[in-house]
Amino acid sequence: TFPAIPPEIFEFVPSIITFNLATNQVSGPIPKEIGMLQDIDILELAENQLTSIPAEMGQLNTIDHVFLQANNFGGQEMPAQVCQLRTEGSLTLLWADCRGDQASLLCHPACCTTCFSGSTSSLSASPGSGDKEPGGITHADSDEEVLNRLKKSAPDNGESLNNALSPQFKAYTWLVGTDPTNDAKLSDILLLQRYAMATLYFGLAGHGWAQKDGWLSEKSACEWELVEKCNNVGMVTELLLYSNNLVGRIPAEITHIRMLELLDLTDNELYGTIPTEFGWFEDLEILRLGGNLLTGNIPSELGNLSTLHELYLHVNEFTATSVPNEICELRTDSGNGLSTFWTDCITNDFGSAMVVCGEDCCDECFGDDSDFTFYQGYEDTDMPTSSPAAPLGTVVPGRNFPPTASPVTTSAPTLPENPELKDDLLKHMKESPLFSDRLSDKNSHAYEAFLWLGSTPNFDELDEFHRLQRYGLATFYFSTNTDAGYPWKISESWNSGEHECNWFGVSCEDDNTVTEISLPGNRLSGTIPPEIELVGLGNMLTTLNLSGNNIGGKLAVQLGALKHLEVLDLKANDFTGQIPPEIGELFKLTSLELQANELTGVMPPEICQLREGVLDELITDCDEEDPFSMVTCEIDSCCSECY
């Protein structure tokens with residue numbers, strides 16, 4: 001007997017976001033306690049021996065992806081409560097064994113997005129069950145013609161396409177399920193390009209990109225947003241995905257975009273190694289990979305790029321590596337070869353560099369204690385706003401990664417409590433049990449901020465208002481700096497002895513009251529805490545811009561207490577759940593951007609009513625043709641634009 005999923009894991013750890021037991025030998029029913037998960041986003045249980053799906057799975061209101069294929073559900077019907085998540089919740093992908101008359105799971109095509117035959121070795125899948133007759137095969141690639149064409153050119157000999165959970169296989173199932181007739185007739189080079197673009201989307205968390213209009217649509221790839229230029233045969237030549245919240249490893253399939261001349265992936269969250277397959281590009285002139293988290297060695301295969309003029313690898317996480325001679329040999333005296341090469345070759349105080357590169361090879365060196373700058377040639381209007389760059393022309397290599405405080409731990413912090421501060425906070429919070437409960441929880445970020453503030457050297461100089469304001473900011477910092485492996489990009493002066501008006505991204509008026517918090521694209525994670533309300537006590541906070549980060553969870557209802565907000569920009573994060581009606585109390589709001597999240601439900605009428613006042617811009621994920629848009633909002637009568 002194979003082990004079952006213990007129900008206790010869901011009871012005692014209800015905050016799980018991703019639960020992945022795929023390709024194991026787990027057996028028995030899925031425990032009904034799974035319905036206790038409050039923040040689950042991805043559930044991967046494919047390729048096991050599971051026997052039943054509980055109706056309680058319908059309580060997973062935050063779920064986005066569910067993969068249940070290759071199990072033994074014995075002809076069970078998909079619970080209606082789960083299918084309801086497809087129409088009323090945030091569920092966008094639901095894969096199961098619902099294909100053919102021997103299907104182990106009965107699922108209506110409007111419920112399951114992709115149906116499999118049930119064999120772990122079979123790649124046959126269909127977009128929805130859709131069988132009209134017993135035994136009918138509705139899969140668009142039933143003879144696997146497209147699959148074989150993709151495998152023939154696969155960098156890994158098709159191994160990724162054998163894995164039903166891979167971005168490559170997801171791209172394949174999307175490809176044959178959108179416009180199969182046209183896709184089958186595409187030339188190999190155009191088919192591979194379309195497949196590569198979809199693999200990029202699935203592999204680099206495309207659902208959270210800041211700009212993604214047209215991606216995964218039936219339009220030509222040349223019409224997808226951020227495809228800057230194509231040639232006359234429909235091949236992409238310029239792809240500009242900088243500062244777009246890309247997260248993940250660069251898939252080698254990107255090289256199927258064969259005629260690329262300019263590829264810009266600057267200022268994202270790309271990690272892992274640079275694929276050696278980059279050396280396959282034949283026309284690449286400009287390659288920009290700066291401002292990411294890339295590691296490993298710089299591949300010598302980049303030396304095969306005989307057309308390369310500009311190469312930017314700076315401000316990554318390369319360590320103890322050297323620039324291969326093959327790349328340096330691209331530098332020529334005639335100036336026709338590699339003319340610009342930036343990498344992390346500044347020598348530190350210990351006499352070593354992250355990347356060893358000679359002066360005759362690298363013409364700009366960077367370190368881990370410098371400020372980030374974009375490349376020469378960006379116009380001011382095109383400068384990504386998510387990175388606080390130095391002015392163009394300023395020689396300030398790298399980006400600043402000052403030391404940041406450690407995230408909250410499961411053990412109590414060691415700093416002493418300050419009884420005077422506690423009295424001040426409890427006096428203000430006496431009518432708010434939520435705040436006082438969080439302050440009493442010694443494992444909370446609120447308590448961590450309390451200990452920090454009470455131990456700062458200039459605490460006695462602060463009046464009650466500024467103690468509350470600083471406490472709100474400190475709690476926000478600890479609550480959104482939760483990933484020790486990926487801290488804020490720039491956290492200069494935050495939670496230091498300096499006044500909060502000098503903290504990076506914070507602006508104040510003359511009386512030291514906060515008027516703006518602007519931290520776009522700064523690698524914030526975690527959640528927005530209720531204590532954000534305290535930052536608005538001075539009635540002067542007009543702008544809150546947290547776009548392009550990785551903040552998740554539900555939107556804090558306390559945002560509605562920031563009564564003087566004029567601009568609230570929360571786009572391109574990982575927020576889930578419904579939009580709180582309390583935001584409708586922000587009567588001075590002129591711009592509200594909520595798109596590129598995982599929000600669900602109907603736009604609250606309280607917010608729609610703001611459109612009758614000064615709210616000119618209201619954008620959310622309400623595009624009815626986009627399966628990832630799960631908010632209902634009428635254009636003109638409420639939303640100004642749908643994503």
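Above this note sits the structure.
Residues numbered from 1 in each chain as written. Predicted model: local features only at pLDDT ≥ 70, side-chain atom pairs only at ≥ 80, totals over all residues. Heavy atoms only, no water.

**What to know about the overall build of the chain**
Okay, step 1: When its secondary structure is counted, the chain shows 13 helices and 33 strands.
Okay, step 2: The burial tally for the chain puts 55% of its 643 residues in the buried class.
Okay, step 3: Contacts spanning at least 24 positions in sequence make up 60% of the contacts within the chain whose residues lie at least 6 apart.
Okay, step 4: Counting every atom, the chain has about 26,600 Å² of accessible surface; 47% of that belongs to carbon and sulfur. (Helix = DSSP H or I, 4+ residues; strand = E, 2+ residues; numbered from the N terminus. Buried < 20%, exposed > 50% of the residue type's maximum accessible area, 1.4 Å probe, protein only. Contact = heavy atoms within 4.5 Å. Areas by Shrake-Rupley, 256 points an atom, 1.4 Å probe, with all protein chains shown as cover.)

**Side note on the sheet that holds strand 31 (residues 617–620)**
Okay, step 1: The seven strands lie next to each other as 23-24-25-27-29-31-33, forming an open sheet whose pairing is mixed. The sheet is open, and its two edges are formed by strand 23 (506–508) and strand 33 (641–642), each paired on a single side. (Pairing = 2+ DSSP bridges.)

**A closer look at the nonpolar core**
Okay, step 1: Counting 70 residues, the largest nonpolar core has Leu-239, Phe-278 and Phe-341 as the members making the most contacts within it.
Okay, step 2: Counting only elements with at least two residues in this core, the list comes to strand 7 (93–96), helix 3 (145–152), helix 4 (167–178), helix 6 (188–203) and strand 12 (236–240).
Okay, step 3: Looking at this core, the element that brings in the most residues is helix 6, giving nine residues.
Okay, step 4: The contact partners of Leu-239, leaving out residues within four places of it in the chain, are Met-197, Leu-200, Trp-215, Leu-226, Val-227, Ile-257, Leu-260, Leu-262, Leu-263 and Asp-264. (Core = buried A, V, L, I, M, F, W, Y, C linked by side-chain atoms within 4.5 Å.)

**A look at the state of the cysteines**
Okay, step 1: The full count for this structure, using the stated rule, is ten disulfides.
Okay, step 2: For Cys-608, the disulfide goes to Cys-638, at an S-S distance of 2.0 Å. One quick way to see it: the torsion about the S-S bond of Cys-608 and Cys-638 is about -85 degrees, and its sign makes the bridge left-handed. Taken together, the residues Cys-608 in helix 13 (residues 605–608) and Cys-638 in the loop between strand 32 (630–632) and strand 33 connect sequence positions 30 residues apart. (Disulfide = S-S within 2.5 Å.)

**A look at the pattern of salt bridges**
Pairing is possible between side chains that carry opposite charge, provided their charged atoms lie close to one another.
Okay, step 1: Taken as a whole and judged by the stated rule, the model has 13 salt bridges.
Okay, step 2: When the shortest N-O distance is used, the salt bridge between Glu-585 and Lys-563 registers 2.7 Å. Linking Glu-585 in the loop between strand 28 (574–578) and strand 29 (591–593) with Lys-563 in the loop between strand 26 (552–554) and strand 27 (567–569), this pair joins segments that are 22 residues apart in sequence.
Okay, step 3: Overall, Lys-563 belongs to the partly exposed group, its relative accessible area being 37%.
Okay, step 4: Where salt bridges share partners, they join Asp-264, Arg-288 and Glu-310 into one cluster. (Salt bridge = Lys/Arg side-chain N within 4 Å of Asp/Glu carboxyl O.)

**Comments concerning unusual backbone geometry**
Okay, step 1: Notably, Ser-243 is not glycine yet its phi reads approximately 50 degrees, a positive angle.
Okay, step 2: Tracing the backbone shows Ser-243 in the loop between strand 12 and strand 13 (247–249).
Okay, step 3: Take Ser-243: its relative accessible area is 15%, and that puts it in the buried class.
Okay, step 4: Of note, the phi angle at Asn-539 is positive, near 55 degrees, even though the residue is not glycine.
Okay, step 5: Along the chain, Asn-539 falls in the loop between helix 12 (532–535) and strand 25 (543–545).
Okay, step 6: Judged by relative accessible area, Asn-539 falls into the partly exposed class, the value being 45%.

**Let's talk about the packing of aromatic side chains**
Each pair of aromatic rings is reported with the distance of its centres and the angle of its planes.
Okay, step 1: Taken as a whole and assessed by the stated rule, the structure comprises 22 aromatic pairs.
Okay, step 2: On the basis of an interplanar angle of 40 degrees and a centroid distance of 5.2 Å, the ring pair of Trp-342 and Phe-366 is categorised as tilted. Of this pair, Trp-342 sits in strand 20 (residues 340–343) while Phe-366 sits in the loop between strand 22 (364–365) and helix 8 (419–429), and the two are 24 residues apart along the sequence.
Okay, step 3: Looking at Trp-342, the relative accessible area reads 8%, which means it is buried.
Okay, step 4: One aromatic cluster is present, built from ring pairs that chain together Trp-452, Phe-476, Tyr-477, Phe-478, Trp-488, Trp-494 and Trp-503. (Phe/Tyr/Trp six-rings, centres within 6.5 Å; stacked < 30°, edge-to-face > 60°.)

**Some details on the layout of surface pockets**
Okay, step 1: Estimated volume of the second largest pocket: approximately 930 Å³.
Okay, step 2: For the lining of the second largest pocket, the element with the most residues is helix 4, which contributes five residues.
Okay, step 3: Its residues assigned to classes, the lining of the second largest pocket comprises 16 nonpolar, nine polar and ten charged. (1 Å grid on protein atoms, 1.4 Å probe; cavity = no way out; pocket = protein on both sides within 12 Å on 5 of 7 lines; lining within 4 Å. Points joined across faces, edges and corners; volume = space filled by probe spheres on them. Nonpolar A, V, L, I, M, F, W, Y, C, P; charged D, E, K, R; others polar.)

**What to know about the sheet that holds strand 30 (residues 598–602)**
Picture the strands of a sheet paired through backbone hydrogen bonds; they go either parallel or antiparallel.
Okay, step 1: A sheet is described by the order of its strands in space; here four strands give the open sequence 26-28-30-32, paired in parallel fashion. Every interior strand has two partners, whereas the edge strands, strand 26 and strand 32, have only one. Sheet twist, expressed as the mean angle between neighbouring strand axes with direction ignored, is 25 degrees.
Okay, step 2: Bridge count between strand 28 and strand 30: three bridges; the pairing is parallel. Its bridge partner lying in strand 30, Gln-578 is registered against Thr-600. (Axes fitted to C-alpha atoms, helices over the stretch in contact; angles between N-to-C directions.)

**Concerning the side chain of Asp-569**
Okay, step 1: Secondary-structure assignment places Asp-569 in strand 27.
Okay, step 2: Residue Asp-569 is classed as buried on the basis of its relative accessible area of 7%.
Okay, step 3: With residues near it in sequence (within four places) discarded, Asp-569 still touches Leu-544, Asn-545, Leu-546, Ser-547 and Glu-593.

**Regarding the environment of Ile-490**
Okay, step 1: Looking at the secondary structure, you find Ile-490 in the loop between helix 11 (464–480) and strand 23.
Okay, step 2: With relative accessibility at 7%, the residue Ile-490 sits in the buried group.
Okay, step 3: With 33 residues separating them along the chain, Ile-490 and Arg-523 place their C-alpha atoms 8.5 Å apart.

**A look at the environment of Ile-532**
Okay, step 1: Considering the arrangement of structural elements, one finds Ile-532 in helix 12.
Okay, step 2: The class of Ile-532 is buried, set by a relative accessible area of 0%.
Okay, step 3: It is 9.5 Å that separates the C-alpha atoms of Ile-532 and Ala-474, two residues lying 58 residues apart in sequence.
Okay, step 4: Excluding anything up to four places from it in sequence, Ile-532 contacts Phe-476, Gln-558, Leu-559 and Leu-562.

**A few points about the side chain of Gln-76**
Okay, step 1: In this fold, Gln-76 is placed in strand 6 (residues 76–77).
Okay, step 2: Engagement of the side chain of Gln-76 in a polar contact is seen with the backbone oxygen of Ile-53, the distance being 2.8 Å. (Polar contact = N/O pair within 3.5 Å; in protein donor to acceptor, adjacent residues only side chain to side chain.)

**Some points on the environment of Gln-595**
Okay, step 1: Mapped onto the fold, Gln-595 is located in the loop between strand 29 and strand 30.
Okay, step 2: The exposure class assigned to Gln-595 is buried, which follows from its relative accessible area of 3%.
Okay, step 3: Taking the C-alpha atoms as reference, Gln-595 lies 6.4 Å from Ala-572; in sequence the two are 23 residues apart.
Okay, step 4: Gln-595 has contacts with Lys-571, Ala-572, Ile-619, Thr-620, Asp-621 and Tyr-643, leaving out every residue within four places of it along the chain.
Okay, step 5: Side-chain polar atoms of Gln-595 contact the side chain of Glu-593, separated by 2.8 Å.

**Some remarks on the pairing of strand 12**
Okay, step 1: When you tally the buried positions in strand 12, you get five out of five residues, the bulk of the element.
Okay, step 2: Pairing of strand 11 (residues 227–230) with strand 12, which is carried by three bridges, proceeds in the antiparallel orientation. Looking at strand 12, one finds that Val-227 is bridged to Leu-239.
Okay, step 3: Between strand 11 and the antiparallel strand that follows it, strand 12, lie five residues; Gly-234 among them carries a positive phi value of about 85 degrees.
Okay, step 4: Here three bridges tie strand 12 to strand 14 (residues 262–264), and the two strands are oriented parallel to one another. Looking at the pairing, Leu-239 lines up with Leu-263 of strand 14.

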